[in-house]
Amino acid sequence: MKFFKIILFISIFSIPVYLVVINLNKNEDKNWQTYYKSETGVNVYKTTEREKKKVKISNKKEDQNILRAPASIPRPIDKKTKREILGKINDRTIYTNSPNPDWKKLYANDLLSKLGEDSKVFIRKNSGIIRVIANKATYIEQVQVTIQSDPNLPANSFEAQVDAQTGKQLTVWNRTNFENKKNSFSIKMKLDP
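Cut-offs and rules
- Residues numbered from 1 in each chain as written.
- Predicted model: local features only at pLDDT ≥ 70, side-chain atom pairs only at ≥ 80, totals over all residues.
- Heavy atoms only, no water.
- Helix = DSSP H or I, 4+ residues; strand = E, 2+ residues; numbered from the N terminus.
- Buried < 20%, exposed > 50% of the residue type's maximum accessible area, 1.4 Å probe, protein only.
- Polar contact = N/O pair within 3.5 Å; in protein donor to acceptor, adjacent residues only side chain to side chain.
- Contact = heavy atoms within 4.5 Å.
- Salt bridge = Lys/Arg side-chain N within 4 Å of Asp/Glu carboxyl O.
- Pairing = 2+ DSSP bridges.

*Asks:* Describe the side chain of Gln 148, listing the residues and the values that go with them.
*Replies:* Relative to the assigned elements, Gln 148 resides in strand β6 (residues 136–148). The class for Gln 148 is buried, based on a relative accessible area of 8%. There is a polar contact of 2.5 Å between the side chain of Gln 148 and the backbone oxygen of Asp 150. What Gln 148 contacts, discounting residues up to four positions off in sequence, is Val 55, Asp 118, Ser 119, Lys 120, Phe 122, Leu 153 and Ala 155.

*Asks:* I'd like a description of the pattern of salt bridges, backed by residues and values.
*Replies:* Applying the stated criterion across every chain, the model contains 6 salt bridges. For the salt bridge of Glu 84 with Arg 75, the shortest nitrogen-to-oxygen distance reads 3.4 Å. For Asp 110, the salt bridge is made with Lys 114, and the minimal N-O distance between the two is 3.7 Å. For Lys 114, a relative accessible area of 60% translates into the label exposed. Counted as one network, the salt bridges with shared partners bring together Arg 83, Lys 125 and Glu 141.

*Asks:* Can you tell me about the pairing of strand β7 (residues 156–163), naming the residues and giving the values?
*Replies:* With 6 of 8 residues buried, β7 lies mostly within the body of the structure. Sheet topology places β6 next to β7; 8 bridges connect them, and they run antiparallel. Looking at the pairing, Glu 141 lines up with Val 162 of β7. With 4 bridges joining them, β7 and strand β8 (residues 169–173) adopt antiparallel strand pairing. Opposite Gln 161, over in β8, you have Thr 171 as the bridge partner. The loop that links β7 with its antiparallel partner β8 comprises 5 residues; one of these, Gly 167, has a positive phi angle of about 75 degrees.

What follows is the structure, given as structure tokens:
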């Protein structure tokens, strides 16, 4: 009886721990990561809540994306890679690239090479897709990017599609553009009624 109680006690506490660890590993790639320059190259760490507040990254938007589903027919999903398929895969389909686990670091390095020394790049993977055009399939990562180039200015953000092998940016949308208030001029006229 004592042996049974010990096994029951261990299983009650080990199963929830196991499930939590699996959940954390599953969502690891979808978390925000911060990339910055140093003498040794590009370094990375998990984005802190303080940094998220500073560059105005909200967690509410992440939760809303999960709750909201499109009304259209869902796209097919590749069973091996768990990616959405855009187009049709058949016997003649040729894959032009393969997923690289370091694609985020390559992409961040490319962005940081064009920015100043104190710049930080925040990257979060939204989804992975396979795009098929003319029987040529390409692995693509859809990401959300926020760039903090100067601590005194607001951060710029956008969404992009990135090649999963080389980390090269393919397309960009949803860019934020801020007007430079110091150098801009405006005409003010008093209108008579």
